[in-house]
Amino acid sequence: MPATLRSLPPPTKKRKLQDDAGLATSIKHLEDGLTQAISNSTSLNALADLVDLALTAKDPQNTSKAVYALYRVFVLIINNGRLGLGVDDAGKVVKAWLWQRLNTYVEFLGGLMQDEEKALRISALQILLSLQKHLSSSYSKTPSSSTPQPQFHMSHFRKIVAYLLLCPPSTRPAQQKVSDGVIDPDVLHQFYETWFSVYDDIRWFFLRDAATLLNRSAAESHQHLPSNLLSILELLTTFPTEESELNAWWVPELGSKPPKPKRVKKKALSDGIVGSEDEDEGLDEEKGDGDDDDDWRKFFDEEPSEANGNKTASQPRARLHTLTIHQSLHSLPSHRAVFTRAWLTLLPRLNVQDDAAASKAFALRALNVMHRGVMPHLTRAILVMDWVGSCIDYGSTVGLLAFNALFILIRDYNLDYPSFYTRLYAFLDREVLHLKHRARFFRMIELFLGSSHLPAAILASFVKRLSRLSLSAPPAAIVMIIPFTYNILKRHPALMVMIHRAEGEDDVCTDPFLPQEPNPLLTQALSSSLWELYSQSSHYHSSVSTLAKILSEAFTKPGYAMEDFLDHTYHTLFNTEVNRKIKKEPALAMEIDKPVLIFPTKTKKDDEEGKVEDEGDEVVQSSPDVVSDLWTF
């Protein structure tokens, strides 16, 4: 007799469902009891049980219920003043016990930011930042004064920064994911979109604490820390440019207007005799450490300058290291100072030892945002000069982007770089014409060589090197080189001798140009000629050959607009040829009067005598030959 089919789950599954339902009931029961105990100021021992349930729950739904129940309980405790600064001596023991439970809970949430469940990762980040607001608001309300003192809970926020950048593994039971130390994309996007790019206080404290964490962490033990910080900083596109833009605060109390900083005489500022009035604002009593990192602000202080006008001289502003935390949050120079320190701390750590590929990848990411998202907001953009200069050695796309940043430093920030043209000349190799960013390179080099005060020897070296590279360049690059050369020759008549030199033009071997010479002043390019570009008039591509003929004509045309040639690719050149209007139909056939190719054949008599008889230009064939028939047109 066949066994009866069961419509119910097996007993083990039934017990598991019952256990899950019982766990959810226990969480609800403990939360209700703790809520009542907080309102009645009775024992909170059940808090330890609720924390244990959150740490041991295997099902993600039960974990979510437990962490949210704990969040609601801790918010009530914080708002009730149990963790504030005004606790009497009798309540310090209870306060210490509550802080231990809160720290355990916070550490568990930090691990959940690397959990395999997306809902738990996002919930953990939201709860941590929400606790930050409640703790800071609680500390801002001091019982000794009716006026609230805006403060920020620094020790809790430092933990959040560490969880974001160090990415500790999740400790939830039944967790299958192994943390690789890389910030989760969902957490990164949520943190940036919701807090980092929106609230000025979150951005200021994160930049400051991230740089401190990077300084104190060993590169060997936290290999992904620089990459995680770069992932956050490279997204920042909303940095304030005026103090009026400092108007969004995650902790509402910090939005109040701070007292004006004490103004001192200009002589005192220049002599550096102003005493520091830093305050340890927002540090909880459990942490107990002072704000040791304020001294770095002295390095980013801008010296008073006479060029700023009479207003600056009559009303000197306070130095950054004399401002309180509240005053710093409302000071644009202070925001630029923490931004500068974060980047200057990060950039040297992007050079990974014994891993050139990783260093090159990090440099590429940083340089992509350097010219428009970093240097305009630094206190002194010249501080990144050494790092940008070292990136030129990478060559390829990284070197090209480094030259872009270096040019901005020279043009906008008065950087003096004596070996600039030597480094730029060394960058002209075969790869530069095959790069994705070659159009940007030609825009830069047109600016670099646009000065009328440059020596003719330097200009001749660049033109000759590009001419030589055109022999192996794709058509899309050659159509950039020819108008670029035309503009240089037209702007500098001293170079015209390079296209009008008669002697030795038929003998390429007599070219005096020294292609291996690194110094553009010593290449003897001015004694050479541009025979390479002359040869492009026979190029297989009609656009290239037609354009190359301009160099053999009179230089009566105005200079070319380089923007018309910089965006050409194989695709655009192909479309140009396909869409070209045909004025004269090409020949599709031709008539031949006599055979062009005839294979000789041998007769029996030739085989005997070992020869073939020739009668004029024709061959006597005594027998048919298949190959000859096939090859006769």
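Throughout what follows, the structure given in this document is the object of discussion.

Definitions and cut-offs
Residues numbered from 1 in each chain as written. Predicted model: local features only at pLDDT ≥ 70, side-chain atom pairs only at ≥ 80, totals over all residues. Heavy atoms only, no water. Axes fitted to C-alpha atoms, helices over the stretch in contact; angles between N-to-C directions. Helix = DSSP H or I, 4+ residues; strand = E, 2+ residues; numbered from the N terminus. Parallel < 35°, antiparallel > 145°, perpendicular 65-115°, else oblique. Left-handed = near helix turned anticlockwise from the far one by under 90°. Contact = heavy atoms within 4.5 Å. Nonpolar A, V, L, I, M, F, W, Y, C, P; charged D, E, K, R; others polar. Phe/Tyr/Trp six-rings, centres within 6.5 Å; stacked < 30°, edge-to-face > 60°. Buried < 20%, exposed > 50% of the residue type's maximum accessible area, 1.4 Å probe, protein only. Lys NZ or Arg CZ within 6 Å of the ring centre and 35° of its normal.

**What to know about the packing of helix α13 (residues 332-349) against helix α14 (residues 356-374)**
Here comes step 1: The N-to-C vectors of α13 and α14 enclose an angle of 160°; their axes lie 14 Å apart at closest approach. By the angle class used here, α13 and α14 are roughly antiparallel. When you trace α13 past α14, the crossing you get is left-handed. From α13, Phe 339, Trp 343 and Leu 347 reach across to α14, where they touch Ala 366, Val 369, Met 370, Gly 373 and Val 374.
Here comes step 2: In terms of residue class, the contact of α13 with α14 is made up of seven nonpolar, one polar and no charged.

**Observations concerning the packing of aromatic side chains**
Here comes step 1: What the rule picks out here adds up to 25 aromatic pairs.
Here comes step 2: Judged by centre distance (5.8 Å) and plane angle (25°), the rings of Phe 191 and Phe 196 are stacked. For the residue pair Phe 191 and Phe 196, the accessibility class agrees, reading buried in each case.
Here comes step 3: Their ring planes at 50° and their centres at 5.4 Å tell us that Phe 191 and Phe 206 sit as a pair that is tilted. With Phe 191 in helix α7 (residues 185-196) and Phe 206 in helix α8 (residues 200-216), this residue pair connects regions lying 15 residues apart in the sequence.
Here comes step 4: Three or more aromatic residues link up through ring pairs in this structure, and these residues are Phe 403, Phe 407, Tyr 417, Phe 420, Tyr 421, Tyr 425, Phe 427, Phe 441, Phe 442, Phe 448, Phe 462 and Phe 484.
Here comes step 5: Sitting over the face of the ring of Trp 250, Lys 133 holds its NZ or CZ atom 3.8 Å from the ring centroid.

**What about the environment of Gly 81?**
Here comes step 1: Residue position: Gly 81 is located in the loop between α3 (60-79) and α4 (92-112).
Here comes step 2: When its relative accessible area of 36% is taken as the criterion, Gly 81 is described as partly exposed.
Here comes step 3: Here the alpha-carbon distance between Gly 81 and Lys 95, two residues 14 residues apart in the chain, equals 9.8 Å.

**Concerning the environment of Gly 110**
Here comes step 1: Along the chain, Gly 110 turns up in helix α4.
Here comes step 2: Overall, Gly 110 belongs to the buried group, its relative accessible area being 0%.
Here comes step 3: As for Gly 110 and Pro 169, which are separated by 59 residues in sequence, their C-alpha atoms are 8.4 Å apart.
Here comes step 4: With residues near it in sequence (within four places) discarded, Gly 110 still touches Leu 128, Tyr 163 and Pro 168.

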